[in-house]
Amino acid sequence: MTLPPRAEVVVAGGGVMGVSTAFHLSEAGVEVLLLERDELGAGSTSKAAGGVRAMFSDPVNIELGRRSLRAFEEFARRPGGEIDLKQHGYLFLLADPEDVAAFERSVELQNSLGVPSRMLTVEQARELSPYIVPDGLLAAAFSPADGHCTPEAVVQGYAQGARRHGAVIRRHCEVTGIDVEGGEITGVRTAQGRVETSTVVCATGAWSAALGEMAGVELPVRPLRRQVLVTEPVPAMPPRMPFTIDFSTSFYFHDEGPGLLIGMSDPDEEFGFRLGTDDAWLAALSEAVARRAPALSEVGVAHGWAGLYEITPDHNALVGESAEVSRFLYATGFSGHGFLQGPAIGEVMRDLVLGRTPVVDVSGLCVRRFEGAEVRPEHNCV
């Protein structure tokens, strides 16, 4: 299919950030062209664990998560589509006194912002997630509104909604260059031709640094592989088991069809675009499973995959507009929180493109924060 000769806004990247941005912009009457070099959602979105939550320590992340949760709840109506949302809660298991204190502060902040999270005793946590053993645990934090849904379904729902509002979406069309003259964008080059535009939204996730370079914009984003497994069917699985996270190890699990999706970070993983799976991390994962949920050690593995986190120096997103190149906007670097913040970020990007005050104040997520000492550490990372 041919490319249109021009577009008001070109969105680069067809993951959740790109399609959410395209939907919200086109819904607002903006002429949008979305370019994806592969299939929609083929990058990090389709590899995500699917968790959706508002349990963060930073007020901006809390608000982005809370607003996105509302959007996921209403997804069937707008933009439309079934995303298999299960709000069985998020459960953080805490074994370190400093983490307990930090989560107590976070829960207090979350409550002040309308999130129904609360601290639990270890026994209360076991009632919610009966596979866990209490050894070494001190407390837990839980929010019943959190949960998980299907990333691919969210991408397709936003894409279909964007098309209904007139957005043009082109798959298998990689951006090869961005033309900038006098600090202003004049067009985007692809293998299928050039498109005139004055506005580009970078939503290319772990590949954002390269896209930024095309426009002369530095985006400090690096890719880091994360692997997950899906088990064989688990007999007598609790019907409403929360997304359970052993915070000290980052070992987590939630229901995935008749089995469980299981993951954990690998402290020995090095930055890079590796997407293959290997067994190097299994020893540490097996140890964490045996210590915290030993009953799961007997469950067989059905399959697994690897995806990329898009990591920034402070593990917080980059959202804003370049100070050097007019109308080069970016929504990237979410460091594992991108899928769950996708709906709200789409609204924010719409507002930034249109010159409105964003629905969430993301000024603190501007890339310029790294020029000084104003980083925004997020404690509740997985």
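Visitor: Residue-level account of the overall build of the chain, with values.
Guide: Along the chain, the regular secondary structure elements total 9 helices and 19 strands. The C-alpha atoms of the chain give 21 Å as radius of gyration, which agrees with the globular expectation for 382 residues (21 Å, within 12%). The principal-axis extent of the C-alpha atoms belonging to the chain is close to 60 × 40 × 40 Å. The buried share of the chain, reckoned over its 382 residues, is 56%.

Visitor: So what about the side chain of S20? Which residues, and what values?
Guide: Counting through the fold element by element, S20 comes out in helix α1 (residues 16–27). A polar contact of 2.9 Å, which involves the side chain of S20, links it to the backbone oxygen of G342. In this structure, S20 is in contact with Y158, G342, P343 and G346, ignoring residues within four places of it in sequence.

Visitor: Give me the lowdown on the packing of α1 against helix α9 (residues 338–354), citing residues and values where you can.
Guide: Two measures define how a pair of helices packs: the angle their axes make with one another and the distance between the axes. Running from amino to carboxyl end, α1 crosses α9 at an angle of 40 degrees, the nearest separation of the two axes being 8 Å. It follows from the interaxial angle that α1 and α9 lie oblique. Note that α1 runs across α9; the crossing there is right-handed. Note on element contacts: α9 touches α1 through G338, F339, Q341, G342, P343, I345, G346, E347, M349, R350 and V353, opposite V16, M17, S20, T21, H24 and L25. In terms of residue class, the contact of α1 with α9 is made up of 8 nonpolar, 7 polar and 2 charged.

Visitor: I'd love a proper account of empty space enclosed by the protein, names of residues and values included.
Guide: Within this structure, the stated rule accounts for 1 cavity of 30 Å³ or more. In this structure, the largest cavity occupies an estimated 40 Å³ of space. If you go around the largest cavity, the residues you meet are R225, R226, Q227, M264, S265, D266, E269 and W281. The residue makeup of the lining of the largest cavity, split by class, is 2 nonpolar, 2 polar and 4 charged.

Visitor: Any details on a negative patch on the surface? Residues and values, ideally.
Guide: On the surface, a cluster of negative charge is contributed by E82, D84, E152 and E256. Looking at the element boundaries, E256 is found in strand β15 (residues 251–256). Owing to a relative accessible area of 33%, E256 belongs among the partly exposed residues under this scheme.

Visitor: Outline the packing of α1 against helix α6 (residues 151–164), supporting the account with residue identities and numerical values.
Guide: Interaxial distance between α1 and α6 falls to 8 Å at its minimum, and their mutual angle equals 30 degrees. For the element pair α1 / α6, the angle class is roughly parallel. The handedness of the crossing between α1 and α6 comes out as left-handed. The residues of α6 that touch α1, namely those facing V16, V19, S20, A22, F23, H24 and S26, are V154, V155, Y158, A159, G161 and A162. In terms of residue class, the contact of α1 with α6 is made up of 9 nonpolar, 4 polar and no charged.

Visitor: I'd like to hear about the sheet that holds strand β16 (residues 259–263), residue by residue, with values.
Guide: Spatially, β5-β6-β4-β14-β15-β16-β13-β17 is the arrangement adopted by the 8 strands of the open sheet, whose pairing is mixed. Two strands close off the open sheet at either side, each with one partner strand: β5 (118–120) and β17 (301–311). Looking at each pair of strands side by side, their axes are set apart by 20 degrees on average, direction ignored. Pairing analysis gives 10 bridges linking strand β13 (residues 222–231) to β17, with the strands arranged antiparallel. Bridge pairing in β17 places R225 opposite L308.

Visitor: Can you explain the layout of surface pockets? Please cite residues and give values.
Guide: One water molecule sets the probe size; rolling that probe over the atoms shows where empty space is left. Estimates place the volume of the second largest pocket at around 310 Å³. L224, R226, S265, H315 and V382 are, among the 16 residues lining the second largest pocket, the residues nearest its centre. When contributions to the lining of the second largest pocket are tallied by element, the ones reaching two or more residues are β13 and β17.

Visitor: Tell me about the side chain of E36, residues and numbers included.
Guide: Position of E36 relative to the elements: it lies in the loop between β2 (32–35) and β3 (51–52). For the buried E36, no salt bridge is present, and the opposite-charge side chain at shortest range is R37, 5.3 Å distant. Excluding its chain neighbours within four sequence positions, the residues that come into contact with E36 are G13, G14, G15, R170, R171, H172 and C173.

Visitor: Lay out the pairing of strand β1 (residues 9–12) with the relevant residues and their values.
Guide: Burial of β1 is two-sided: the residues V9 and V11 facing one way and the residues V10 and A12 facing the other way are all buried. Pairing geometry for β1 and β2, over 4 bridges, is parallel. Of the residues in β2, the one forming a bridge with V10 is L33. Note that the unit made of β1, α1 and β2 has a crossover that is right-handed. Where β1 and strand β12 (residues 200–202) come together, 3 bridges link them in parallel fashion.

Definitions and cut-offs
Residues numbered from 1 in each chain as written. Predicted model: local features only at pLDDT ≥ 70, side-chain atom pairs only at ≥ 80, totals over all residues. Heavy atoms only, no water. Helix = DSSP H or I, 4+ residues; strand = E, 2+ residues; numbered from the N terminus. Rg over C-alpha atoms; globule rule 2.2 N^0.38 Å. Buried < 20%, exposed > 50% of the residue type's maximum accessible area, 1.4 Å probe, protein only. Polar contact = N/O pair within 3.5 Å; in protein donor to acceptor, adjacent residues only side chain to side chain. Contact = heavy atoms within 4.5 Å. Axes fitted to C-alpha atoms, helices over the stretch in contact; angles between N-to-C directions. Parallel < 35°, antiparallel > 145°, perpendicular 65-115°, else oblique. Left-handed = near helix turned anticlockwise from the far one by under 90°. Nonpolar A, V, L, I, M, F, W, Y, C, P; charged D, E, K, R; others polar. 1 Å grid on protein atoms, 1.4 Å probe; cavity = no way out; pocket = protein on both sides within 12 Å on 5 of 7 lines; lining within 4 Å. Points joined across faces, edges and corners; volume = space filled by probe spheres on them. Patch = residues over 30% accessible without salt bridge, like charges linked within 9 Å, V, L, I, M, F, W, Y side chains within 5 Å. Areas by Shrake-Rupley, 256 points an atom, 1.4 Å probe, with all protein chains shown as cover. Salt bridge = Lys/Arg side-chain N within 4 Å of Asp/Glu carboxyl O. Lys, Arg positive; Asp, Glu negative; His and termini not counted. Charge placed at Lys NZ, Arg CZ, Asp CG, Glu CD. Pairing = 2+ DSSP bridges. Right-handed = clockwise from strand over helix to strand, strands pointing away.

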